[in-house]
Amino acid sequence: MTNATSIRALVIDDEPLAREMIREMLAAHPEAEIIGECASGREAVEAIKALSPDLIFLDIQMPELGGFEILESLKDGEAPYIIFATAYDQYAVRAFEVHALDYLLKPFDRERFETAWQRAKSRMAEDRLNQRDQHILTLLEELKAGPRYLERLVVKTEGRVFFLDVNDIHCIEAEGNYIRVYNGQKTYLLRETISGLESQLNPKVFLRIHRSSIVRIDKIRELQPWFHGEYHVIMENGKQLTLSRNYRSNLQGAVGKAL
């Protein structure tokens, strides 16, 4: 729907007088927006697919395609809410089998129309509320599942833009207000701070080992003891970095061993 109150309606009937009567009765409801009228079944199918109405007033016996044939031609998710308006009472049971909101038997008066209209409004409002509640529940489930971490970096180089999967990153080094990202033997310079990027990466996968460097833990090939409790960190791509004393506990926690 276009907003919380509007109901976009499509009137489908091969009789001009019948369409005019429904149009006049809808005019009393400011929330109703008539987005079209159809005089044949094939025209109705095209209009439903093109306009995506919220509600259709649907006759049953029409040229080319009848009301039920119109509904059968629609794919799942294309069918709007339905109020049948017909002169034939023998189709009532089948109408409710296709989940019609109401069945107006011609000739119907304004009072009967109002009953159908209010029923449609109530049903749509209830469904919108249920959808909103489901959306809230989905968001809560996502929050309970934990934060989402960065999966790709946008890289601009040599006049082109592409996405770099973070799983392909070996390590990252700070260069002022930029970072240099190592993807195997390739490197890319991005305008980003190392602290800003660190907050977006999964800490179980990427580890800060120095104020100016981050490594992907499973890309570490070797640790070599150095002076004053520091280590040289040798990556799979041959890149050598320093594990400073201030960040040594980070790596110890990740590998589960004292260094």
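Overview of the structure. (Residues numbered from 1 in each chain as written. Predicted model: local features only at pLDDT ≥ 70, side-chain atom pairs only at ≥ 80, totals over all residues. Heavy atoms only, no water.)

**Some thoughts on the sheet that holds strand β9 (residues 178–183)**
Put simply, the rule reads: We treat two strands as partners when DSSP finds at least two bridges between them. Runs of H or I in DSSP of at least four residues are treated as helices and runs of E of at least two as strands, each being numbered from the N terminus. For helices, the axis comes from a line fit to the C-alpha atoms of the stretch in contact; other axes are also lines fit to C-alpha atoms, and the angle between any two N-to-C directions lies between 0 and 180 degrees.
In spatial order, the strands read β10-β9-β8-β12-β11; together these 5 strands make up an open sheet with antiparallel pairing. Either end of the sheet is taken by a strand with one partner, and the two such strands are β10 (186–190) and β11 (206–210). This sheet shows a mean twist of 25 degrees between the axes of neighbouring strands, independent of strand direction. Relative to β9, strand β8 (residues 171–175) runs antiparallel, the two being bridged by 5 bridges. Directly across from Cys171, in β9, lies its bridge partner Tyr182.

**Considerations on a nonpolar patch on the surface**
Cut-off, in case you're wondering: Residues qualify for a patch when their relative accessible area is over 30% and they have no salt bridge, like charges being joined within 9 Å and the nonpolar side chains of Val, Leu, Ile, Met, Phe, Trp and Tyr within 5 Å. To be clear on the numbers: accessible area is Shrake-Rupley with a 1.4 Å probe, and residue cover counts the displayed protein chains and nothing else. Here a salt bridge means any side-chain nitrogen of Lys or Arg lying within 4 Å of a carboxyl oxygen belonging to Asp or Glu.
Where nonpolar side chains cluster on the molecular surface, the patch consists of Val154, Val161 and Phe163 and spans about 300 Å² of accessible area. Its place among the elements puts Val154 in strand β6 (residues 152–157).

**A few points about the pairing of β11**
Heads up, the rule is: Burial classes: relative accessible area under 20% of the type maximum marks a residue as buried, over 50% as exposed, and values in between as partly exposed (1.4 Å probe, protein chains only).
Buried residues dominate β11, accounting for 4 of its 5 residues. With 4 bridges joining them, β11 and strand β12 (residues 213–216) adopt antiparallel strand pairing. Across the sheet, Arg208 pairs through a bridge with Ile214, a residue of β12.

**Some remarks on helix α2 (residues 41–51)**
Just so we agree on the cut-off: The directions considered for the arc are those from the helix axis to the C-beta atoms. By definition, residues are in contact when any of their heavy atoms lie within 4.5 Å.
Looking only at α2, the buried set comprises Gly41, Ala44, Val45, Ala47 and Ile48. Buried residues along α2 cover an arc of 170 degrees about the axis, so they all sit on one side. Relative to its buried face, α2 has exposed residues pointing more than 90 degrees away, namely Glu46 and Ala50. As for α2, its buried residues are in contact with β1 (7–12), β2 (32–38), β3 (55–58) and α3 (67–72).

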